[in-house]
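# Notes for the structure review
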Amino acid sequence: MRVVIMGCGRLGSTLARELDSEGHHVTVIDIDAAAFNWLEDDFRGTTIVGAGEDIAVQQAAGVQRADIFLALANGDNRNAMAVQVAKHIHRAPRVVARIYDPERADVYRQLGINVVNPTTILDQMVREAAFGDDSAPQDNNVEPSSRTAR
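Residue numbers here run from 1 along each chain, matching the order of that chain's written sequence. Selection of residues for local features in this predicted model requires a pLDDT of at least 70, selection of side-chain atom pairs for listing and counting requires 80 or more, and totals for whole chains, interfaces and linings are taken over all residues. Calculated side-chain values reflect all of the structure's heavy atoms, with hydrogen atoms and water omitted.

## A look at the pairing of strand β4 (residues 68-71)
- A two-sided burial pattern is seen for β4, the buried positions comprising Ile68 and Leu70 on one face and Phe69 and Ala71 on the other.
- Strands are treated as partners if at least two bridges between them are detected by DSSP. Strands here are runs of E lasting at least two residues and helices are runs of H or I lasting at least four, both read from the DSSP assignment and numbered beginning at the N terminus. Here strand β1 (residues 2-6) pairs with β4 via 4 bridges, running parallel. Pairing of Val4 across the sheet is with Phe69, part of β4.
- Pairing of β4 with strand β5 (residues 95-98) involves 3 bridges; the strand directions are parallel. Looking at β5, one finds that Ala71 is bridged to Ala97.
- Crossover handedness for the path β4 to helix α3 (residues 76-89) to β5: right-handed. With a 1.4 Å probe rolled over the protein chains alone, any residue whose accessible area is under 20% of its type maximum counts as buried; one over 50% counts as exposed, and the rest are partly exposed. A clockwise path from the first strand over the helix to the second, with the strands pointing away from the viewer, defines a right-handed crossover.

## Remarks on unusual backbone geometry
- Despite not being glycine, Arg91 has its phi angle at roughly 60°, a positive value.
- Its place among the elements puts Arg91 in the loop between α3 and β5.
- Look at Arg91 and you get exposed, because its relative accessible area is 60%.

## Here we look at helix α1 (residues 10-21)
- Taking 1.5 Å of rise per residue, 12 residues should cover 16 Å, and α1 covers 17 Å from first to last C-alpha, within 8% of that figure.
- All of the buried residues along α1 are Gly12, Ser13, Ala16, Leu19 and Asp20. Taken down its axis, α1 places every buried residue within 135° of arc, on the same side. Exposed side chains of α1 directed beyond 90 degrees from the buried face belong to Arg10 and Ser21.
- Contacts between residues were defined by any pair of non-hydrogen atoms, one from each residue, lying within 4.5 Å. Residues of α1 that are buried sit in contact with β1 and β2 (25-30).
- Gly23 lies just past α1 and shows a positive phi near 100°. Here the expected span of a helix is defined as 1.5 Å times the quantity of residues minus one. Here, the arc refers to the directions that run from the helix axis to the C-beta atoms.

## Let's talk about the nonpolar core
- Buried Ala, Val, Leu, Ile, Met, Phe, Trp, Tyr and Cys residues form a nonpolar core when they are joined through side-chain atoms within 4.5 Å. Counting 23 residues, the largest nonpolar core has Val4, Val63, Phe69, Ala71, Val83 and Ile99 as the members making the most contacts within it.
- Only β1, α2 (55-61), β4, α3, β5 and α4 (102-110) provide two or more residues apiece to this core.
- At 4 residues, α3 tops the list of elements feeding residues into this core.
- Counting residues in each nonpolar core, the second largest holds 15 residues, with Val3, Ile5, Ala35 and Leu39 among its members.

Next comes the structure, spelled out in structure tokens:
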């Protein structure tokens, strides 16, 4: 598959390396060329320096031929704009945006965008780790003794 990833931080670079090693054709876009240092020397994909929400940058990255466009930069607004450009201008068949703000994530879902919201995912994972399989806090109140003092 052809995958274009906007954002080469920890998440973007990890996915890029994994998908590349699985044989996918991967292109990574980032505004900072130093971000590509996260990629390993044997990365066979393409790197492009530029703003991933920009129409011309997406065109240079081949979004119009991509099977998937992933917007994984740190900014919700940039990611939302980038997936809109990829979806509506370049007709990318599948777009995914990382959106940190849970309220914004819900709005973008209603607009038909596939959204990953790390805030709610991590909230659930922390609750499960802290409280077990029940994500609700346990009631630790001790029942009063049924014996009465004499």
